[in-house]
Protein chains: 2
Amino acid sequence: MIQSTRDNKKRKVGGTAMVTIKDVAKRVNVSPSTVSRVIANSSRISEKTKERVRRAMDELGYHPNLNARSLSNKATQTIGVIMPITAQYSFQNPFFPEVIRGISMKAYQDNYGLYLSTGQKEEEIFEEVKQMVYGGRVDGILLLYSSINDKIMPFLQEKNFPFVLIGRPHNIDENDITFVNNDNVKKTKTLTEYLLLLGHKKIGFISGSLDYVVTIDNLEGYKTALNNANISIREEYIVLEENYQKEIMETGQDAVIELMSLEERPTALVVTDDIMTFGVLSMLGEMGIRVPEDLSIVSSNNVMISELSSPPMTTADINIYDLGYKGVEYLINKIKEPELPEKKLIVPYKLIKRQSCKKI
Amino acid sequence: MIQSTRDNKKRKVGGTAMVTIKDVAKRVNVSPSTVSRVIANSSRISEKTKERVRRAMDELGYHPNLNARSLSNKATQTIGVIMPITAQYSFQNPFFPEVIRGISMKAYQDNYGLYLSTGQKEEEIFEEVKQMVYGGRVDGILLLYSSINDKIMPFLQEKNFPFVLIGRPHNIDENDITFVNNDNVKKTKTLTEYLLLLGHKKIGFISGSLDYVVTIDNLEGYKTALNNANISIREEYIVLEENYQKEIMETGQDAVIELMSLEERPTALVVTDDIMTFGVLSMLGEMGIRVPEDLSIVSSNNVMISELSSPPMTTADINIYDLGYKGVEYLINKIKEPELPEKKLIVPYKLIKRQSCKKI
DNA sequence: TTGTATGCGTTATCAA
DNA sequence: TTGATAACGCATACAA
């Protein structure tokens, strides 16, 4: 009885008690602190004892308890990754797997673990962030999206907790936060200008919700290009999806219906996401509208399967992987040197010309 | 000097010291243990003091330190999610985002966090698993893949550490582990039989590496269907991609070249992954081979964009989301009741007929 | 170069 | 119903 009670004190895996720093210490007849120093590879421990301790650790199968270490260190060596509110849907967008690929890579290289947000609503996610911060679960936070009225960034800022945004801040001075982003304004401007150059004047714009900063930027790029070309902007040519529930490709499909019902149909489309473009293409196919013969399309992101659309789509490669990789690089820097000034990085994009556009 | 030293003892966020259980205790003039009991909502604390303590927690802004709790509890309320070796590539496959969607959902509902593996090689991932287990980082592990010669499962089994496999075990008695899977043999058998029914006799098979159990099962289903139909199996009709480095759609493309170079071309193809099928379709398009007129194709997974291929592909919906959701459900059960017998769940699939097949 | 003592923030045991 | 105390496993300031 007493026995089993005492047993519960010790952490076990598979019935055998975990070996701690003390066990190792006893075995070599040194103090626990010495063992601790050996683990930290302190320069103030003789090579000889280091050797002895290390052998004992091997023999006993010692592995550090990370919770204990975190408690003492006030550091966890893990990064919190915050997915968008619409993760349930947008996770289907290859954008996120791809950022996470970049994130994983850099995190692994620098020996950081990844802790993922799981909430589905804005409020839920905010609670998770608070838990990560107050609970000491992570050393820093990587935000994978930037939306209007976001409460997370102000919170993190006020708490002075290390974080990096993938995207552009909104309602916050750019100099006050570290972020990694594309120049989406310029990107979409270029894309639109490309269409203009091909002789198109009636150009539609299909995108997601204006709650996302990226949408705001894309729209601005589109408008700027038209303005510069002295083409007046027609509100009916701009279709923005507000419904979070809708799958992203559905958005594309519905937008096409809207645009193609117009009396004066556009001859070209700027679509801000490749998956949306897949939806656009499929709907267009159903309607018997040929791309690029009847309608030209430029897209964005250059997700892996983008080249496989029919016709293969012209799109902007935004280097999603780099966004993630650099995001954690900057975050780790911030974690290690909290006092360093905020930095920003604009990751370049590249126009990938394929076969969804035609001269008019 | 001494001051700043002392300062470092206390965990801080944003310059202000974290409030601990002790601070709350002092404020209400109770002992820390009482506060702890209030947090656990122990029935042996009077409602009155509970109320007082709770108010103090609110006023002071108390949040539990999760590392301390984990240390004391020997539990972390987090699940380790192990991605495949080929994560860098396969992460691009919408399969993984979709399982993770299911995983996130259930984890959130049951208040578990997610800790992601980041390693890129078999050995790296194995090390991560050991760290998660020995380091006490997670309470259980969810394996997202099942491969031949895998060392992780035997390890977890030996350590008697809670884990659930999404997929089917190999070299391990099915009764000895808990897993969630599709009946891939039957699935591919059905798919092949569908082709057979349409009159096809020359049926090719395109898939990934036989290192993965899922490939083994798919291949068996294919062979069984042919055998039952008394059609002899031609080795040259079976194209398996062994190269991990290759993108999955590229695999599809290359396989097409191989198959279409054959003197006697197949009239139908069984492809085991929708993204691969995208590759197949694109290459076929380049070659001027029409689907389904010249060649019929069945696929598998029914990933979100599958309906957007041209032609829309006939595929098997394997309920990826459920795989993830049920996976963590079973895992949490195992964590909570380690002594319960192992369970297995076969998630149903469903044939989604679209337009990539034709009677011959 | 090493040991002692203490603290990190909780939970749990035992006593009151 | 509550409090004192020890313990979880590790790291570090200070002493030796």
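Within every chain, residues take consecutive numbers counted from 1 along the sequence as written. Starting at A for chains and at 1 for ligands, labels are handed out in the order in which the entities are written. This being a predicted model, a pLDDT of at least 70 is required before a residue's local features are given, and a value of 80 or more before pairs of side-chain atoms are given or counted; all residues contribute to the totals for chains, interfaces and linings. Hydrogen atoms and water are omitted, and side-chain values are computed over all heavy atoms in the structure.

### Looking at the confidence of the model for chain A
Here comes step 1: Here chain A averages 91 in pLDDT, and 94% of its residues register 70 or above.
Here comes step 2: The pLDDT score gives, residue by residue, the confidence of the prediction method on a 0 to 100 scale. It only takes one pair of heavy atoms within 4.5 Å for two residues to be counted as in contact. Segment residues 1-6 of chain A: pLDDT under 50, and 0 contacts once partners within four positions in sequence are set aside and those in other chains are kept.

### Re the protein's contact with DNA strand D
Here comes step 1: For DNA strand D, the set of nearby residues contains 30 residues, the closest of which are Ile21, Arg37 and Tyr62 of chain A together with Thr34 and Arg37 of chain B.
Here comes step 2: The cutoff for a nearby residue is simple: one of its non-hydrogen atoms must lie within 4 Å of the molecule or strand. Per the 4 Å cut-off to the protein, sugar and phosphate atoms form 70% of the nearby atoms of DNA strand D.
Here comes step 3: Counted as a polar contact is a pair of N or O atoms within 3.5 Å, where, for protein atoms, one must be capable of donating a hydrogen and the other of accepting one, and residues adjacent in sequence contribute only when both atoms are in side chains. A distance of 3.0 Å separates a phosphate oxygen of DNA strand D from a polar side-chain atom of serine 36 of chain A.
Here comes step 4: Interatomic distance of 2.6 Å between a side-chain N/O atom of arginine 37 of chain B and a base nitrogen of DNA strand D.

### Points about the protein's contact with DNA strand C
Here comes step 1: Taken together, 31 residues lie near DNA strand C, and Ser33, Thr34 and Arg37 of chain A together with Ser36 and Ser72 of chain B sit nearest.
Here comes step 2: The sugar and phosphate moieties of DNA strand C supply 66% of its atoms located within 4 Å of the protein.
Here comes step 3: Note that a sugar or linking oxygen of DNA strand C is positioned 2.6 Å from one of the side-chain N or O atoms of serine 72 of chain B.
Here comes step 4: A distance of 3.5 Å separates a sugar or linking oxygen of DNA strand C from a polar side-chain atom of asparagine 73 of chain B.
Here comes step 5: Note on conventions: DSSP H or I runs of at least 4 residues are helices, E runs of at least 2 residues are strands, and numbering of each starts at the N terminus. Among the elements that line the surface near DNA strand C, the one with the most residues is helix H5 (residues 66-73) of chain B, at 4 residues.
Here comes step 6: Throughout, the ten residues Ala, Val, Leu, Ile, Met, Phe, Trp, Tyr, Cys and Pro are labelled nonpolar, Asp, Glu, Lys and Arg are labelled charged, and all others, Gly among them, are labelled polar. Split by residue class, the surface near DNA strand C holds 7 nonpolar, 15 polar and 9 charged.

### Description of helix H9 (residues 152-159) of chain B
Here comes step 1: Burial in H9 of chain B covers these residues: Ile152, Met153, Phe155, Leu156 and Lys159 of chain B. One side of H9 of chain B carries all its buried residues, which in axial view fall inside an arc of 160°. Each residue gets one of three labels from its accessible area relative to the maximum for its type: buried under 20%, exposed over 50%, partly exposed in between, using a 1.4 Å probe on protein chains only. By definition, the arc is the one covered by directions from the helix axis to the C-beta atoms.

### As for the interface of chain A and chain B
Here comes step 1: Taken together, the contact pairs 60 residues of chain A with 59 residues of chain B.
Here comes step 2: Note on definitions: buried area is the accessible-area loss of two parts on being combined, 1.4 Å probe, summed for both. A buried area of about 5,700 Å², summed over both sides, lies between chain A and chain B, and 65% of it is on carbon and sulfur atoms.
Here comes step 3: Salt bridges are counted wherever a side-chain nitrogen of Lys or Arg sits within 4 Å of a carboxyl oxygen of Asp or Glu. On the surface where chain A and chain B come into contact, there are 0 salt bridges.
Here comes step 4: Across the contact surface, chain A and chain B share 9 residue pairs in polar contact (both at pLDDT 80 or more).
Here comes step 5: Taken together, the elements giving at least two residues each to the side of chain A that touches chain B come down to helix H5 (66-73), helix H6 (87-90), helix H7 (95-109), strand S4 (113-116), helix H8 (122-134), helix H12 (248-260) and helix H13 (274-287) of chain A.
Here comes step 6: With 7 residues, the top contributor of residues to the side of chain A that touches chain B is H7 of chain A.
Here comes step 7: Grouping the amino acids of the side of chain A that touches chain B by side-chain chemistry returns 24 nonpolar, 24 polar and 12 charged.
Here comes step 8: Strand pairing requires that DSSP identify at least two bridges connecting the strands. With 3 bridges connecting them, S4 of chain A and strand S4 (residues 113-116) of chain B associate as antiparallel partners. Of the residues in S4 of chain B, the one forming a bridge with tyrosine 115 of chain A is tyrosine 115 of chain B.

### Examining helix H2 (residues 21-28) of chain A
Residue and element names in this part refer to chain A.
Here comes step 1: Of all the residues in H2, the buried ones are Val24, Ala25 and Val28. Mapping the buried residues of H2 onto a view down its axis gives an arc of 100°, with all of them on the same face. Of the residues in H2, the exposed ones pointing more than 90 degrees away from the buried face are Lys22 and Lys26.
Here comes step 2: Looking at where H2 begins, the residue whose side-chain oxygen comes 3.1 Å from the main-chain nitrogen of lysine 22 is threonine 20.

### Description of the domain arrangement of chain A
In many analyses, interface size is given as the accessible surface area lost on bringing the parts together.
Here comes step 1: According to the domain assignment, chain A contains domain 1 (5-73), domain 2 (78-182 + 320-348) and domain 3 (184-318).
Here comes step 2: Between the C-alpha centres of domain 1 of chain A and domain 2 of chain A the distance comes to 34 Å. The start and end points of each domain follow an automatic or database-based domain assignment.

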